Every structure is written in structure tokens, then in C-alpha cells.
Amino acid sequence: MMARRLVIAGLCLAVLIAAVAIVLDQMAKPGSTSAQGPSSSSSSPGTGSTGAATPTPGSTPSGVANGGTEGSGSGAGGTGSGGADGNASAPTSKPLEVLPPVIATPTGLPEPTTPEPLITGALPAPGSADGELVDGWPDGVLSLPSGTTIGSTSVSTSGNILQLTADGIIAKPRAEVLDSFRQSLVSHGFWSEEAPAADGAVAARFVRGTDTVTVSVSTTGTGSSRFQLLGSLHTTAE
């Protein structure tokens, strides 16, 4: 009887030892719930299943403890690089550009003003002269280049317009002859432009308001220059 009890006690002890060994073996396996223990289930309060911090009632979100929005470090009223949740970026505000006012420009050119006439007083009588300046020639306005051998000159009138013609020969190159007339007329307010000319000649047109003078210069057989002049000057005469 005693031996039977000893056998039963031994069997129970063996079963107990085997159960304890199985439990210890399960606890020793990596990744098991028992082996992780508190580390997997004892995450800090307010942590979700993904490990991200979830604010609990009454707690202060991370990054806002210093009074600024998370990620920027600026004050509560400042603009930061991150939003309240630390992910969204707030756009940086820029000052508005104010364009200058548009000023309307005139749509048309002003009417040109007519310059005062260069010749005043009574118009001379029509006439012509050979080898010299005719009476009534406005030498103070339209002078011939120095060294000119005058061929002929003439004046005529049409209303308040004095018409002039002249021709002469001068021992200078054609360009110098034109420059002599240009310097004289520009000093009285004329401006010059090129004008059509015959073959072997050069020409220029001088303008001042309604006054015009055209000079054409060609080269003679002796190498001198021969000029021909045609002018039209307005006066105050009626």
C-alpha cells in the first residue's frame, strides 16, 4: 500500500516538473508575449498602437511647452515652419506689392510752332544781277561761302514769300562747300537733310519751319565746285 502511494506521488511530481518545464520553455522563446513583459504593453499613457504620442486630456502637446507652435520655436502668434500638429507647413506671408499709378500719356503730338520770320519789313523789288549780289539779297541770313565767284543772283516775291536763286564757283571740294552753307544756315535755326542730286553731284536741303534752302554742288572740269541755290523765306510782309 505504501509502495503504491509512493508510485502515485512520483507520477504527480513528474507531471508537475514537466508542466513547469513547458512554461519555462514558452517564456524563453523571443517575441512571445510573456518574454516582452512590460516593455510592449507598458507604453507611456497616451501612446497609440503606432507608438506616436497621443495627447491625453489636460496634457500639453510636445513642442508647445515653450508657448510656440511645434517645429518653429516662435511665439504663439508667430508663423512657423510647421503647423500645430508638427506636420503641415504654414505659408510665409509676403508684403503686397503696390504698383505705381498709371499716368495717361498724350495721344497726339503737339502742334509745331512756326518760328519767327528771319526777314522783316517791306519785301525788295524783284531783280537779278550777274557777278554780284542782287539788291535786296538777305546777306545777313543767307550768305555765300567766302571765295565764291558769283555767276548770278536773283530775288522775287510771292505774297509774303521771298524767293532766292544763286549760282557760283568756288575752289573747294563739294563737301566743304556744303559744310559752308550748313554752318551758316544752322546758326539761324535751320536743320539739314540729304536731298536728291544729279549724277556726279551732292545736294542738301535746309529747313526752318516753312523756310527752305536747297543747295546742289557739282565738280567742274578744272576741279573746282559749282553750286546752285534755290531758297524760299517767309517774311512779315502781306
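Residues numbered from 1 in each chain as written. Predicted model: local features only at pLDDT ≥ 70, side-chain atom pairs only at ≥ 80, totals over all residues. Heavy atoms only, no water.

Visitor: Which residues make up the packing of aromatic side chains, and what values go with them?
Guide: If you walk through the whole model with that rule in mind, you get one aromatic pair. Aromatic pair F181 and F227: ring centres 5.3 Å apart, planes at 70°, arrangement edge-to-face. Of this pair, F181 sits in helix 4 (residues 174-186) while F227 sits in strand 7 (residues 225-234), and the two are 46 residues apart along the sequence. The burial state of F181 is the same as that of F227; both residues are buried. (Phe/Tyr/Trp six-rings, centres within 6.5 Å; stacked < 30°, edge-to-face > 60°. Helix = DSSP H or I, 4+ residues; strand = E, 2+ residues; numbered from the N terminus. Buried < 20%, exposed > 50% of the residue type's maximum accessible area, 1.4 Å probe, protein only.)

Visitor: Residues and numbers for the nonpolar core, please.
Guide: Among the nonpolar cores identified, the biggest contains 25 residues, and W137, F181, F206, V213, V215 and L229 are the most heavily contacted of them. Every element with two or more residues in this core is listed here: strand 3 (161-170), helix 4, strand 5 (201-208), strand 6 (211-219) and strand 7. (Core = buried A, V, L, I, M, F, W, Y, C linked by side-chain atoms within 4.5 Å.)

Visitor: If you had to explain the environment of G209 to someone new, which residues and values would you point to?
Guide: Inspection of the secondary structure assignment puts G209 in the loop between strand 5 and strand 6. The partly exposed category is assigned to G209, whose relative accessible area is 47%. Through-space distance from the C-alpha of G209 to that of T114 is 5.6 Å; in sequence the pair is 95 residues apart.

Visitor: An account of the pairing of strand 7 is needed here, citing residue identities and associated values.
Guide: As judged from the ten bridges shared by strand 3 and strand 7, these two strands associate in the antiparallel manner. Bridge pairing in strand 7 places I161 opposite H234. From the end of strand 6 to the start of strand 7, which pair antiparallel, there are five residues, and G223 there has a positive phi angle of about 95°. (Pairing = 2+ DSSP bridges.)

Visitor: Could you give an account of the pattern of salt bridges, with specific residues and numbers?
Guide: A full pass over the atoms with the stated rule returns four salt bridges. The residue D179 makes a salt bridge to R182 at a minimum N-O spacing of 2.6 Å. Of this pair, D179 and R182 both sit in helix 4, three residues apart, which is roughly one turn of that helix. By relative accessible area, R182 is classed as partly exposed at 27%. (Salt bridge = Lys/Arg side-chain N within 4 Å of Asp/Glu carboxyl O.)

Visitor: Before we move on, could you go through the sheet that holds strand 4 (residues 191-194) and cite the residues and values that matter?
Guide: The sheet built from seven strands is open, its strands ordered 1-2-3-7-6-5-4 with antiparallel pairing. Bordering the open sheet on either side are strand 1 (127-130) and strand 4, each of which pairs with just one other strand. Strand after strand, the sheet turns through a mean of 10° between neighbouring axes, direction not considered. For strand 5 and strand 6, the ladder comprises eight bridges, and the chain directions are antiparallel. The residue of strand 6 that forms the bridge with A204 is V215. Seen against the sheet, helix 4 touches strand 3, strand 4, strand 5, strand 6 and strand 7 and runs at an angle of roughly 5° to strand 5. (Axes fitted to C-alpha atoms, helices over the stretch in contact; angles between N-to-C directions. Contact = heavy atoms within 4.5 Å.)

Visitor: I'd like to hear about the environment of L123, residue by residue, with values.
Guide: One can find L123 in the loop between helix 3 (38-41) and strand 1. Sequence spacing of L123 and S158 is 35 residues, and the spatial spacing of their C-alpha atoms is 9.8 Å.

Visitor: Which residues make up the pairing of strand 4, and what values go with them?
Guide: Here strand 4 runs beside strand 5; their pairing, made up of four bridges, is antiparallel. When the bridges of strand 5 are listed, E194 appears paired with A204.

Visitor: Any chance you could break down the confidence of the model for the protein chain for me, citing the residues and the numbers?
Guide: Interpretation of the predicted coordinates at a detailed level should be avoided for regions scoring low in pLDDT. On average, residues of the protein chain carry a pLDDT of 75, and 62% of them reach 70 or more. Taken element by element, the protein chain is modelled with least confidence in helix 3, mean pLDDT 43, and with most confidence in strand 1, mean pLDDT 97. A low-confidence stretch, residues 32-86 (pLDDT under 50), is modelled with 47 contacts involving residues beyond four sequence positions or located in other chains. (pLDDT = per-residue confidence, 0-100.)

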